[in-house]
Amino acid sequence: MRLLERMRKEWFMIGIVLAIAGAKLEPSIGVKGGPLKPEITVSYIAVATIFFNSGLSLNTEELTSALVHVKLHLFIQIFTLAFFPAAIWLFLQLLSVTPINEWLLKGLQTVGCMPPPVSSAVILTKAVGGNEAAAIFNSAFGSFLGIVVTPLLLLLFLGSSSSVPFTSIFSQLFMTVVVPLIIGQIVRRYIKDWLERRKPPFGAVSSSVLLMIIYTTFCDTFSNPNFDLDKFSLILILFIICSIQLSFMLLTFIFSTRNNSGFTPADTVAIVFCSTHKSLTLGIPMLKIVFAGHEHLSLISVPLLIYHPVQILLGSVLVPTIKSWMLSRQKGVKLTRPTV
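Residues numbered from 1 in each chain as written. Predicted model: local features only at pLDDT ≥ 70, side-chain atom pairs only at ≥ 80, totals over all residues. Heavy atoms only, no water.

Draft legend 1. Inspection of the overall build of the chain at higher detail. On a plain count of helices and strands, the chain comes out with 13 helices and zero strands. Moving toward the C terminus, one meets the helices and strands of the chain in the order α-α-α-α-α-α-α-α-α-α-α-α-α. Put simply, of all contacts in the chain between residues at least 6 apart along the chain, 84% involve residues at least 24 apart. Looking at the chain as shown, the accessible area adds up to about 16400 Å², and 69% of this sits on carbon and sulfur atoms. (Helix = DSSP H or I, 4+ residues; strand = E, 2+ residues; numbered from the N terminus. Contact = heavy atoms within 4.5 Å. Areas by Shrake-Rupley, 256 points an atom, 1.4 Å probe, with all protein chains shown as cover.)

Draft legend 2. A look at the packing of aromatic side chains. This structure, assessed with the given rule, holds nine aromatic pairs. Seen from their ring centres, Phe 75 and Phe 79 are 6.4 Å apart, and the 10° between their planes marks the pair as stacked. Separated by four residues within a single helix, Phe 75 and Phe 79 lie in helix α4 (residues 70-95), roughly one turn from each other. Overall, Phe 79 belongs to the buried group, its relative accessible area being 7%. Centroid distance Phe 79 to Phe 248: 5.6 Å. Interplanar angle 85°. Geometry classified as edge-to-face. Taken together, the residues span a long stretch of sequence, with Phe 79 in helix α4 and Phe 248 in helix α10 (residues 231-256) at a distance of 169 residues. Overall, Phe 248 belongs to the buried group, its relative accessible area being 11%. The structure contains a cluster of three or more aromatic residues connected by ring pairs, namely Phe 75, Phe 79, Phe 83, Phe 84, Phe 248, Phe 263 and Tyr 307. Seen from the ring of Trp 103, Lys 106 lies directly overhead, with NZ or CZ sitting 5.5 Å from the centre. (Phe/Tyr/Trp six-rings, centres within 6.5 Å; stacked < 30°, edge-to-face > 60°. Buried < 20%, exposed > 50% of the residue type's maximum accessible area, 1.4 Å probe, protein only. Lys NZ or Arg CZ within 6 Å of the ring centre and 35° of its normal.)

Draft legend 3. Molecular detail of unusual backbone geometry. Despite not being glycine, Lys 37 has its phi angle at roughly 50°, a positive value. Along the chain, Lys 37 turns up in the loop between α1 (2-25) and α2 (38-57).

Draft legend 4. Region of the structure containing the environment of Ser 43. When you line up the elements, Ser 43 lands in helix α2. A sequence separation of 239 residues divides Ser 43 from Leu 282, and the C-alpha atoms of the two residues are 9.2 Å apart.

Draft legend 5. Highlighting the confidence of the model for the chain. The predicted model of the chain has a mean per-residue pLDDT of 80, with 82% of residues at 70 or higher. This model gives residues 160-164 a pLDDT under 50, and the stretch forms 13 contacts once residues within four places in sequence are excluded. (pLDDT = per-residue confidence, 0-100.)

Draft legend 6. Seen up close, a nonpolar patch on the surface. On the surface, Trp 11, Ile 14 and Leu 18 cluster together into a nonpolar patch covering about 360 Å² of accessible area. Looking at the secondary structure, you find Leu 18 in helix α1. According to the relative accessible area criterion, Leu 18 is exposed, its value standing at 58%. (Patch = residues over 30% accessible without salt bridge, like charges linked within 9 Å, V, L, I, M, F, W, Y side chains within 5 Å. Salt bridge = Lys/Arg side-chain N within 4 Å of Asp/Glu carboxyl O.)

Draft legend 7. Representation of the pattern of salt bridges in the model. Following the criterion strictly, the structure yields one salt bridge and no others. Where Lys 126 meets Glu 132, a salt bridge forms, and the shortest distance between an N and an O atom there is 3.6 Å. Owing to a relative accessible area of 22%, Lys 126 belongs among the partly exposed residues under this scheme.

Draft legend 8. Quick look at the packing of helix α6 (residues 120-128) against helix α7 (residues 132-158). Where α6 contacts α7, the two axes come as close as 9 Å, and the packing angle between them is 175°. Between α6 and α7, the angle falls in the class roughly antiparallel. Between α6 and α7, the residues in contact are Ala 121, Val 122, Thr 125 and Lys 126 and Glu 132, Ala 135, Ile 136 and Ser 139, respectively. Residues that form the contact of α6 with α7 fall into these classes: four nonpolar, two polar and two charged. (Axes fitted to C-alpha atoms, helices over the stretch in contact; angles between N-to-C directions. Parallel < 35°, antiparallel > 145°, perpendicular 65-115°, else oblique. Nonpolar A, V, L, I, M, F, W, Y, C, P; charged D, E, K, R; others polar.)

Draft legend 9. Geometry of the environment of Thr 80. The topology assignment puts Thr 80 in helix α4. For Thr 80, a relative accessible area of 0% translates into the label buried. Spatially, the C-alpha atom of Thr 80 lies 5.2 Å from that of Ser 275, the residues being 195 residues apart in sequence. Among all residues touching Thr 80, those that are not within four sequence positions of it are Pro 85, Gly 112, Met 114, Pro 115, Pro 116, Cys 274, Ser 275 and Lys 278.

Draft legend 10. Representation of the packing of α4 against α10 in the model. Across the interface, α4 lies against α10 with an axial gap of 12 Å and an inter-helix angle of 135°. One finds that α4 runs oblique with respect to α10. α10 is crossed by α4, and the crossing has right-handed handedness. When α4 is examined against α10, the residues Phe 75, Phe 79, Phe 83, Phe 84, Ala 87, Ile 88, Phe 91 and Leu 95 are found in contact with a partner set consisting of Ile 240, Ile 244, Phe 248, Leu 251, Thr 252 and Phe 255. Among the residues forming the contact of α4 with α10, the class breakdown is 13 nonpolar, one polar and no charged. (Left-handed = near helix turned anticlockwise from the far one by under 90°.)

Draft legend 11. Region of interest: the nonpolar core. Counting residues in hydrophobic clusters, the biggest one holds 42 residues, and the most contacted among them are Phe 51, Val 128 and Phe 273. With seven residues, the top contributor of residues to this core is helix α11 (residues 265-276). In contact with Val 128, not counting residues within four places along its chain, are Val 269, Phe 273, Val 319, Ile 322, Lys 323 and Met 326. (Core = buried A, V, L, I, M, F, W, Y, C linked by side-chain atoms within 4.5 Å.)

Draft legend 12. α10, seen in detail. In a regular helix each residue adds 1.5 Å, so 26 residues correspond to 38 Å; α10 covers 37 Å between its end C-alpha atoms and thus fits that length. Within α10 the residues assigned to the buried category are Ser 233, Leu 234, Ile 237, Ile 240, Ile 241, Ile 244, Gln 245, Phe 248, Met 249, Thr 252 and Ser 256. (Expected span 1.5 Å × (residues − 1).)

Listed below in C-alpha cells is the structure:
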C-alpha cells in the first residue's frame, strides 16, 4: 500500500512538471476561450468534481463535527480576511520605496484581500490526511464570505469601488461547491457499503483534477502579455510571493501547534493550507469587476496569477514533509495516552 502511495506521489509530481511544460509550449489550449474551455471545465466541472468527490468520500459524522469546531473556523477566517491583508499592507509600506513596479505592488495587496480557494486547499489537506471536513467547510464558507468582504477590503486598501454582481457569484459558488457536496453525501448514503468495500481511488481523482487546474492556471500565466515587462520586478515579485507564502504557512503552523491551542495535528494541516491559500477562480472575476476599465488592470492581476500556481506547487512539494510530521505527532499522542 505504501509503495502504491509513493508511486502515486511520484507520478503526481511528474504530472505537475508535464502540466507546466505543456502550458509553456502551447498556452493557447488552456486559456479562457481556448479549446479546453477552462471557464467551464475548470470553473464549474473541475471544482464541482472535487466537491462531489469530497462529499462522496467524507463521513457525514466528520462533516457534522467540523461544523461545530468554531474556534478553528474563526482562526482561519480571521487570518485569511483580516490579518493577511493587514500584514501585506504594512509590508507594502516598506516596499513602496523600492523600484518595483507600483502596480505590481498594488496587485500584491489584492492578493491579500482575496478569499480562500474552493479546491487546492481541500485537495492538499486530503493528500496529507488532515482535517478534510474543516478544509471543505472553510473553503466554502470563506468563499461565500469573500463575496462581500473582498470588495470591501479592496475599497479599504486600494480605494477602488464598483458594483459587484453578488447574485451571479453566489449562484456559481452554490452550484459548484454546495450542491455537488450535498449530492455526494446523498449518493454516499446509498452506496456506503460498496465504497467501504471497494475503496475507490478518491485521491487519484482529486490529483488528476488538480493537474488540470495547474495546467490551465499556467496557460493563463504564460499567455499573459504582461510577462514581457521588466524581469527585475517580476523576479522580485516571485521571490516576495514565495517568501510570503512560506512565512505565513510557518506562522499558522507555530500558532496552531502551541500547547494551549486546542488544535489536533489534523486541524493544523487544514489551518496551514486554508489560511494561506487565495482564490484565483473568484479573484480574477472580482478584479475585472472592481477595476473595470482600469488601464493597469492586467498588471494588478499578475501577482494573483503568480500566487495561485506558487501555492499549489509549494503545497504539493511540502505534502510528504507535513504528512510525516502529522503521523509522528499522532503516533506520539497515542503512545502517551494512558491505558485503562
